Amino acid sequence: MAKKKTGSIAVPYLVTIFLGILIVGGGTFFLLNYLGILDGNKELPEPTPRQITTTTYADNHTILFILDEPEQICSSTFMLMRSVPKDKRIVFLGIPTNTIAVVDGSQQNLKDAYDAGGASAAVNFTEQMFGINVDRYMKLDSASFVKICDILGGVTYSIPADVAGFNGDGSEVYLNAEQIDKYVTYAAFKGGEVERAYNTSAIISAMVNQASGVRIADNLDNSFNTIVNMADTNITAIDYKNHKTAIKDMFERGNSIAAFYLINGENAYNDFIPSQSFIADFVQTYYSYDEGKGESNSESE
């Protein structure tokens with residue numbers, strides 16, 4: 001039997017492989033050279049820089065919220081909000097309407113000051129009582145307050161069993177916007193205006209913590225435009241633009257960002273006298289910030 005000529009088959013096979021490598025490799029070389037990767041005289045392209053958001057204590061702001069519903073039996077509701085986006089913290093402090101303080105050299109009552117001079121007088125009263133600067137105010141009626149509660153999404157909250165109109169037993173229940181409005185304007189708390197102020201800050205804090213921070217951040221533009229057009233406020237579009245990035249970052253990355261305080265003091269007949277030591281501690285904790293002091297200027301966590 002004749003032997004097979006293996007050499008005649010192997011040679012063309014090897015030549016085919018060699019040519020294939022040459023063609024593919026050559027094509028790859030020209031492609032890389034075209035892109036400039038193999039050109040020794042060209043530098044590699046710079047990577048796309050990361051978008052770094054730096055939040056500082058310059059983004060801190062204070063707003064006095066005033067809920068004014070003349071149709072309700074109770075007086076207007078006052079709540080101070082201190083926002084510290086760098087620390088991802090919002091603090092709510094209800095201020096009883098019967099609080100008294102020395103303002104412009106004379107003893108005044110918060111409710112009387114507001115009734116006589118409106119929101120600006122309430123801001124002045126708060127500034128002098130705490131010794132702070134209140135950046136802006138927002139005066140809400142029932143419709144605008146309910147809208148804010150709708151935006152946040154309501155709250156699951158424990159209503160004391162003795163609060164009429166809720167049929168509660170003290171266990172946690174879900175409250176919609178209208179029910180929250182009814183609760184914060186309830187005029188028959190056993191502790192009077194002090195308890196109402198405390199309950200207001202507590203339920204608002206719980207509502208913020210239960211809201212989806214990502215959802216709030218994603219809809220921040222629309223929410224701001226809606227609320228600012230419904231409320232009586234001196235917050236401007238420029239204010240919002242200046243703090244928008246920091247606020248969004250706080251909601252997106254923060255966890256349980258809201259807290260609330262009970263303002264300490266004592267009742268004197270129909271008036272409430274706030275504790276000066278409480279005021280000093282509160283201001284020291286949340287207002288002892290300035291740019292460059294304790295500021296790392298690092299990327300937000």
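It should be noted that the structure appears before, not after, this text.
Residues numbered from 1 in each chain as written. Predicted model: local features only at pLDDT ≥ 70, side-chain atom pairs only at ≥ 80, totals over all residues. Heavy atoms only, no water.

## Some details on the overall build of the protein chain
No. 1: Broken down by element type, the protein chain carries 9 helices and 12 strands.
No. 2: In the protein chain, which comprises 301 residues, the share counted as buried stands at 43%.
No. 3: Sequence-distant contacts in the protein chain: of pairs separated by 6 or more residues, those separated by 24 or more amount to 66%.
No. 4: For the protein chain, the exposed surface amounts to about 17,100 Å²; the carbon and sulfur share of it is 54%. (Helix = DSSP H or I, 4+ residues; strand = E, 2+ residues; numbered from the N terminus. Buried < 20%, exposed > 50% of the residue type's maximum accessible area, 1.4 Å probe, protein only. Contact = heavy atoms within 4.5 Å. Areas by Shrake-Rupley, 256 points an atom, 1.4 Å probe, with all protein chains shown as cover.)

## Regarding the pairing of strand E7 (residues 155-158)
No. 1: Here E7 shows one buried face, formed by Val 155 and Tyr 157, and one open face, formed by Thr 156 and Ser 158.
No. 2: Bridge count between E7 and strand E8 (residues 172-175): 4 bridges; the pairing is antiparallel. Its bridge partner lying in E8, Val 155 is registered against Leu 175. (Pairing = 2+ DSSP bridges.)

## Some details on the sheet that holds strand E10 (residues 258-261)
No. 1: Taken in spatial order, the 6 strands of this open sheet run E9-E6-E1-E2-E3-E10, and their pairing is mixed. Looking at the sheet topology across the chains shown, the edges are occupied by strand E9 (232-233) and E10.
No. 2: Alignment of strand E1 (residues 61-67) against strand E2 (residues 77-84), held across 7 bridges, turns out to be antiparallel. Bridging from a neighbouring strand, Ile 66 pairs with Phe 78 of E2.

## Here we look at the packing of aromatic side chains
Where two aromatic rings form a pair, the distance of their centres and the angle of their planes describe that pair.
No. 1: Summed over the entire model, instances satisfying the criterion amount to 14 aromatic pairs.
No. 2: Plain terms: the ring middles of Tyr 183 and Phe 189 are 5.5 Å apart, the flat faces sit at 90° to each other, and that makes the pair edge-to-face.
No. 3: Both rings, one in Phe 224 and one in Tyr 240, keep their centres 4.2 Å apart while their planes meet at 5°; by these two values the pair is stacked. Highlighted residues: Phe 224 in helix H7 (residues 220-230) and Tyr 240 in helix H8 (residues 237-253), separated in sequence by 16 residues. Here Phe 224 and Tyr 240 have matching classes, each one buried.
No. 4: An aromatic cluster is built from Phe 130, Tyr 261, Phe 278, Phe 282, Tyr 286 and Tyr 287, whose rings are joined through pairwise contacts. (Phe/Tyr/Trp six-rings, centres within 6.5 Å; stacked < 30°, edge-to-face > 60°.)

## Some details on the environment of Thr 226
No. 1: In this structure, Thr 226 sits in helix H7.
No. 2: The exposure class of Thr 226 is partly exposed, given its relative accessible area of 29%.
No. 3: Through-space distance from the C-alpha of Thr 226 to that of Ser 144 is 9.0 Å; in sequence the pair is 82 residues apart.

## Digging into unusual backbone geometry
Working note: non-glycine residues mostly have negative phi, and peptide bonds are mostly trans.
No. 1: Despite not being glycine, Ser 256 has its phi angle at roughly 50°, a positive value.
No. 2: By the element assignment, Ser 256 lies in the loop between H8 and E10.
No. 3: Phi angles above zero are rare outside glycine, and Tyr 269 is one such case at about 60°.
No. 4: In this fold, Tyr 269 is placed in the loop between strand E11 (265-268) and strand E12 (271-274).

## Quick word on the packing of H7 against H8
No. 1: In the contact formed by H7 and H8, the axes pass within 11 Å of each other and the chain directions differ by 145°. Our pair here, H7 against H8, has a crossing hand that is right-handed. Where H7 abuts H8, its residues Leu 220, Asp 221 and Phe 224 lie against Ala 237, Tyr 240, Lys 244, Ile 247 and Lys 248. (Axes fitted to C-alpha atoms, helices over the stretch in contact; angles between N-to-C directions. Left-handed = near helix turned anticlockwise from the far one by under 90°.)

## So, the pattern of salt bridges
No. 1: Scanning the model with the defined rule gives 8 salt bridges in all.
No. 2: Close ionic contact of Lys 88 with Asp 249 constitutes a salt bridge, the shortest N to O distance being 3.5 Å. Taken as a pair, Lys 88 in the loop between E2 and strand E3 (89-95) and Asp 249 in helix H8 lie far apart in primary sequence, 161 residues in all.
No. 3: Looking at Lys 88, the relative accessible area reads 13%, which means it is buried. (Salt bridge = Lys/Arg side-chain N within 4 Å of Asp/Glu carboxyl O.)

## Observations regarding the side chain of Asn 60
No. 1: Looking at where Asn 60 falls in the secondary structure, it is placed in the loop between helix H1 (6-35) and E1.
No. 2: In contact with Asn 60, other than residues within four places in its own chain, are Arg 82, Ser 83, Val 84, Pro 85, Asp 135, His 243 and Tyr 289.

## Here's the deal with the packing of helix H3 (residues 142-152) against H7
No. 1: Closest axis-to-axis distance for the H3/H7 pair is 9 Å, and the angle between their directions is 165°. Comparing the axis directions of H3 and H7 gives the class roughly antiparallel. Crossing of H3 over H7 shows left-handed handedness. Residues Ala 143, Ser 144, Lys 147, Ile 148 and Ile 151 of H3 touch H7, and the partners they reach there are Ser 223, Thr 226, Ile 227 and Met 230.
No. 2: Each residue belonging to the contact of H3 with H7 can be placed in one class, and the counts come to 5 nonpolar, 3 polar and 1 charged. (Parallel < 35°, antiparallel > 145°, perpendicular 65-115°, else oblique. Nonpolar A, V, L, I, M, F, W, Y, C, P; charged D, E, K, R; others polar.)

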